[in-house]
Amino acid sequence: MSLTTQCASAKPRAAGDRIMLSFLGLAFARAWLAILFANPLSKGYGATYGSVLFDVAYVACAFVALAALRRIVPITARAWSWAVPLCLMEASSVLFVLGQAGPLDAQVAHVASSIAGGAGFLAFCLYNAEVLATQPLRNVMMYLALAPVLSFVLTFFLTDVGFERTAVALLLLPAAAVTLCMNGLSLVPPQLRPKSDFPRFTVPWILIALLSVYSFVYGLHQSGLTPGVGRYSSLVNAAVGLVAVMWVAFFSSKVSFRILYGVPVILLVCGFVLISLHGFIAAYVADALIAAAFGLATLIISFMFYDMSKRLGVPIAAFSAAYAATNVFGLLGQAASGLMASYPAYGSIVSAITYVAIAALLLLLGYATIADRTLFERWGIRLTEDDAPEMLRRAELVELRCRDFSKAHGLTAREQEVLALVAQGLSSREVQDRLFIAEGTFKTHMRHIYEKSGVRGMKRLRQMLGEGDQNAH
């Protein structure tokens, strides 16, 4: 078969740019989380030790995942991996139901349910992230934004419907979430599924720091929320999701992502100002602004992580686990809030100083991000990937050309690897870092390629194999 025929027969990405339910499993998992912890059946359970133990288990498993990342990615490549989040989340639901129904001691059941739930939800998030990362970036943003919207709808209809029906929902939602993820992965062609590659990369410390600060603020403020505010917070997150959907669908080409990136800081500062005011309405508006700031910030930074994963070839699980690990600062925020409450004489002064320091830190980090003109080029946003199938065809074309070129000139396996990366447009340093070879070794491989092929210069190789000259080969 000729090269032209092979390229013509190359199939574009499955599912194209259509939004599909199979990639919205996170919405069902979030609904399960909201029903079980944010809107608990037992009064006060979600506001006391239950949610704290869930967060502890979630964060602890995130650090374990970070330590073992090179061994466990890609998670979706293992057939049994889907059973881990499913079994843990189902166990959490069963333990909670049994604790409420009476067969098990309520406190023991709730503790075990929280720990299993935190571990299961973290495992599901890693699994779901790998599935989402196979999609075009525009779709990724839509799925991330639609998840809290659909989750709120599910939570609204599945709570306050009686113990029996809620118990059934708690058992069905994890199964639905995992099943959707599995189906979504089945729609992805094998060549586009997550790989085991783990290249070197620079940790985006500014984004990690921003997430940590937002998490601390949310934890600091969480203990002061009005009891039973779980559904109210879910409504705020749903509203943020709808705004993000509208931006992606209609305004992404008109409103700069840099502007959107700065909105959470403004919302948070406004919330801090309202906290100092007295009154029922001011308190609720402050809660809404802080929840919206946290929701929008996590959505934006999560999307940037997906973009970085695509650009750098870094497994998305690395960024997802890091995102989850920053929730340790949420726990620290809750602890700080409790400490200030223990000393009411100094609490208001310390609280004011804390909010001012946080606002200053957020502004400083935000300025450092925006001031770095290359940041959005290295970690930036390419939201309009409508040509994703065309990009895939070009990548396949380059791969086919490299394969034919290597076969024709008798290149070794290592020389083929070097050639493929050069054809993709990587610099000499980037090729060396990707393959973990010294500069001298790289030059030796390139000299052998030149000698065997008769081609002189890296530029000419790229013209022949890349996009510079479509008919050169």
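Before reading on, note that the structure itself is shown above.
The text that follows walks through the structure, step by step, so that each part is easy to find. The structure presented is a predicted model; accordingly, all values stated were derived computationally and were not measured.

## Some thoughts on the overall build of the protein chain
(1) Moving on: For the protein chain, the helix and strand inventory stands at 21 helices and 0 strands.
(2) Moving on: Relative to its 473 residues, the protein chain shows a buried fraction of 50%.
(3) Moving on: Accessible surface, the protein chain: about 22,200 Å² in total, of which carbon and sulfur atoms supply 65%.

## Structural notes on the environment of V111
(1) Moving on: Among the structural elements, V111 can be located in helix α6 (residues 106-132).
(2) Moving on: Taking relative accessible area as the criterion, V111 reaches 31% and is therefore assigned partly exposed.
(3) Moving on: Distance in space between the C-alpha atoms of V111 and L53 is 7.0 Å, their sequence separation being 58 residues.

## Looking at unusual backbone geometry
(1) Moving on: Geometrically, the link from V73 to P74 is a cis peptide bond, its omega value of -5 degrees lying close to zero.
(2) Moving on: Tracing the chain through its elements places P74 in the loop between α4 (69-72) and α5 (83-101).
(3) Moving on: Backbone geometry at F436 places phi at a positive 55 degrees, although glycine is not the residue there.
(4) Moving on: Position of F436 among the secondary structure elements: in the loop between α19 (428-435) and α20 (439-453).

## Things to note about the packing of aromatic side chains
(1) Moving on: Considering all chains together, one arrives at 8 aromatic pairs under this definition.
(2) Moving on: Between F156 and F157, the aromatic rings sit 5.3 Å apart at their centres with planes inclined by 85 degrees, giving edge-to-face as the arrangement.
(3) Moving on: A relative accessible area of 44% places F156 in the partly exposed class.
(4) Moving on: Exposure remark for F157: the relative accessible area of 57% places this residue in the exposed category.
(5) Moving on: Taken together through their ring pairs, the aromatic side chains of F54, Y58 and F121 make up a single cluster.

## Overview of the packing of helix α2 (residues 25-38) against helix α7 (residues 137-158)
(1) Moving on: Viewed as axis vectors pointing N to C, α2 and α7 meet at an angle of 45 degrees, and their least axial separation amounts to 8 Å. One element, α2, and the other, α7, form an angle in the oblique class. Regarding α2 and α7, the two cross each other, and that crossing is right-handed. From α2, L26, A27, F28, R30, A31, A34 and I35 reach across to α7, where they touch A147, P148, L150, S151, L154, T155 and L158.
(2) Moving on: Within the contact of α2 with α7, the residues separate by chemical class into 11 nonpolar, 2 polar and 1 charged.

## Concerning the side chain of S215
(1) Moving on: By secondary structure assignment, the location of S215 is in helix α9 (residues 205-222).
(2) Moving on: Excluding anything up to four places from it in sequence, S215 contacts F294, T326, N327, F329 and G330.

## Focus: a nonpolar patch on the surface
(1) Moving on: A surface patch of nonpolar side chains, amounting to about 270 Å² of accessible area, comprises V94, L98, L104 and L171.
(2) Moving on: Here L171 lies in helix α8 (residues 163-186).

## A word on the environment of L435
(1) Moving on: In this fold, L435 is placed in helix α19.
(2) Moving on: As for L435 and V418, which are separated by 17 residues in sequence, their C-alpha atoms are 8.1 Å apart.
(3) Moving on: If sequence neighbours within four positions are ignored, L435 has contacts with R414, E417, V418 and L421.

## Here's the deal with the side chain of E90
(1) Moving on: Tracing the backbone through its elements, the reader meets E90 in helix α5.
(2) Moving on: It is R165 that comes nearest to the buried, bridge-free E90 among opposite-charge side chains, at 18 Å.
(3) Moving on: Setting aside residues no more than four positions away along its own chain, E90 makes contact with L170, L171, P174 and A175.

## Regarding helix α21 (residues 458-465)
(1) Moving on: Among all positions in α21, only M458, L461, M464 and L465 are buried. The buried residues of α21 occupy one face: seen down the axis, they fall within an arc of 120 degrees.

## A short note on the pattern of salt bridges
(1) Moving on: Counted according to the given criterion, the structure contains 4 salt bridges.
(2) Moving on: As a salt-bridge pair, E417 and R414 come within 2.5 Å of each other at their nearest N and O atoms. A residue pair is termed a helical-turn pair when its members lie 3 or 4 positions apart in one helix, as E417 and R414 do in helix α18 (residues 413-423) at 3 residues.
(3) Moving on: Note on E417: relative accessible area 35%, which makes it partly exposed.
(4) Moving on: R414 gets classed as partly exposed once you look at its relative accessible area, which sits at 30%.
(5) Moving on: A salt bridge links K452 to E415, with the nearest nitrogen and oxygen atoms 3.0 Å apart.

Rules used in this analysis
Residues numbered from 1 in each chain as written. Predicted model: local features only at pLDDT ≥ 70, side-chain atom pairs only at ≥ 80, totals over all residues. Heavy atoms only, no water. Helix = DSSP H or I, 4+ residues; strand = E, 2+ residues; numbered from the N terminus. Buried < 20%, exposed > 50% of the residue type's maximum accessible area, 1.4 Å probe, protein only. Areas by Shrake-Rupley, 256 points an atom, 1.4 Å probe, with all protein chains shown as cover. Phe/Tyr/Trp six-rings, centres within 6.5 Å; stacked < 30°, edge-to-face > 60°. Axes fitted to C-alpha atoms, helices over the stretch in contact; angles between N-to-C directions. Parallel < 35°, antiparallel > 145°, perpendicular 65-115°, else oblique. Left-handed = near helix turned anticlockwise from the far one by under 90°. Contact = heavy atoms within 4.5 Å. Nonpolar A, V, L, I, M, F, W, Y, C, P; charged D, E, K, R; others polar. Patch = residues over 30% accessible without salt bridge, like charges linked within 9 Å, V, L, I, M, F, W, Y side chains within 5 Å. Salt bridge = Lys/Arg side-chain N within 4 Å of Asp/Glu carboxyl O. Lys, Arg positive; Asp, Glu negative; His and termini not counted. Arc of directions from axis to C-beta.

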